[in-house]
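Structural overview
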Amino acid sequence: MIRHGEKHLVQRIGWLRAAVLGANDGILSTASLIVGVAAASRAPSEIVLTGIAGLVAGAMSMAAGEYVSVSSQADTEAADRAREAAELEEDPKAETHELAAIYRHRGLDSALALQVAQQLMAHDALGAHMRDELGIHEALEARPVQAALASAASFSVGAIFPVMMAVLFRGTALIEAVVIATLVLLAALGATGAKIGGASLWRGAVRVLFWGALAMAVTAGIGHLFGAQV
């Protein structure tokens, strides 16, 4: 048997999405928390505690959210697989013609489309229908545990940097250090994610920089406002 060893970028979508989202959220949410609390003129120990609490809670929340979300996707895929298997068992002839119609729509003539459908049905009927009728491919199958672990780990890695800034700096220097470090990290993360995914590095960096700067500006403003009133 000849194995096709070519790797495609789409095969990275599952873990890449979870990892990039987790790291981005870890950096940005924790940095925003620290900036907001620091802008409210809180004690250094409170700022550090806020960062640590944000790291732990965020990592657990990301893991749980990803697991539940991707599990729902996996359940839907399993239900579609069971339904398709039942339809194949009940009326394989109709399913063959349904598959042939898909291939005709993609450009094959009727005779060739039917021949291709018959041969694929003989080889792996369920796999052919899952892939060509429902668009579910093994490279894109939902993997809840993988997504949860990738999200939690990447969130923790991203969040540790703002927490380290809170330990090393005080006062206005802390806010400046967190903002600069966060923007640099977000730009690097956006560019890295874009490179792994085969997209534009510049576009990937700019879009996370914009939303990161906006989030920190809003939380700093809220922290300053409420800190002045408490």
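**A short note on the overall build of the protein**
In terms of helices and strands, the protein carries seven helices and zero strands. Sequence-ordered secondary structure for the protein, helices as α and strands as β, is α-α-α-α-α-α-α. Within the protein, residue pairs in contact and separated by at least 24 positions form 75% of the contacts whose partners lie at least 6 positions apart. Entry remark: accessible area of the protein is about 13400 Å², with carbon and sulfur atoms responsible for 65%.

**Examining a nonpolar patch on the surface**
Together, Val157, Ile160, Phe161, Met164, Val167, Leu168 and Phe169 make up an exposed nonpolar region whose accessible area comes to about 610 Å². With respect to the element layout, Phe169 can be found in the loop between α5 (144-168) and α6 (171-197).

**Some words on the nonpolar core**
Core analysis: the biggest nonpolar cluster contains 19 residues, and Ile34, Ile47, Met165, Ala166, Leu174, Val178 and Leu186 have the highest contact counts within it. Those elements that provide at least two residues to this core are α1 (13-39), α2 (44-90), α5, α6 and α7 (201-229). For this core, the leading source of residues is α1, giving eight residues. The contacts of Leu186, once residues within four sequence positions are left out, are Asn24, Ile27, Leu28, Val208 and Gly212. Listed in part, the 10 residues of the second largest apolar core include Ala100, Ile102, Ala113 and Ala117.

**Brief notes about the packing of aromatic side chains**
One pass over the structure, following the stated rule, counts one aromatic pair. Ring geometry for Phe210 and Trp211: centres 5.0 Å apart, planes at 80°, overall edge-to-face.

**Let's talk about the pattern of salt bridges**
Counted by the stated rule, this structure contains three salt bridges. One salt bridge connects Arg83 with Asp80, and the closest N-O pair in it is separated by 2.8 Å. Placement of both Arg83 and Asp80 in helix α2 is noted, with a separation of three residues, approximately one turn of the helix. With a relative accessible area of 23%, Asp80 lands in the partly exposed category. Where Arg131 meets Asp132, a salt bridge forms, and the shortest distance between an N and an O atom there is 3.6 Å. By relative accessible area, Arg131 is classed as partly exposed at 34%. Here the residues in one salt-bridge network are Arg106, Arg131 and Asp132, joined through shared partners.

Conventions we followed
Residues numbered from 1 in each chain as written. Predicted model: local features only at pLDDT ≥ 70, side-chain atom pairs only at ≥ 80, totals over all residues. Heavy atoms only, no water. Helix = DSSP H or I, 4+ residues; strand = E, 2+ residues; numbered from the N terminus. Contact = heavy atoms within 4.5 Å. Areas by Shrake-Rupley, 256 points an atom, 1.4 Å probe, with all protein chains shown as cover. Patch = residues over 30% accessible without salt bridge, like charges linked within 9 Å, V, L, I, M, F, W, Y side chains within 5 Å. Salt bridge = Lys/Arg side-chain N within 4 Å of Asp/Glu carboxyl O. Core = buried A, V, L, I, M, F, W, Y, C linked by side-chain atoms within 4.5 Å. Buried < 20%, exposed > 50% of the residue type's maximum accessible area, 1.4 Å probe, protein only. Phe/Tyr/Trp six-rings, centres within 6.5 Å; stacked < 30°, edge-to-face > 60°.

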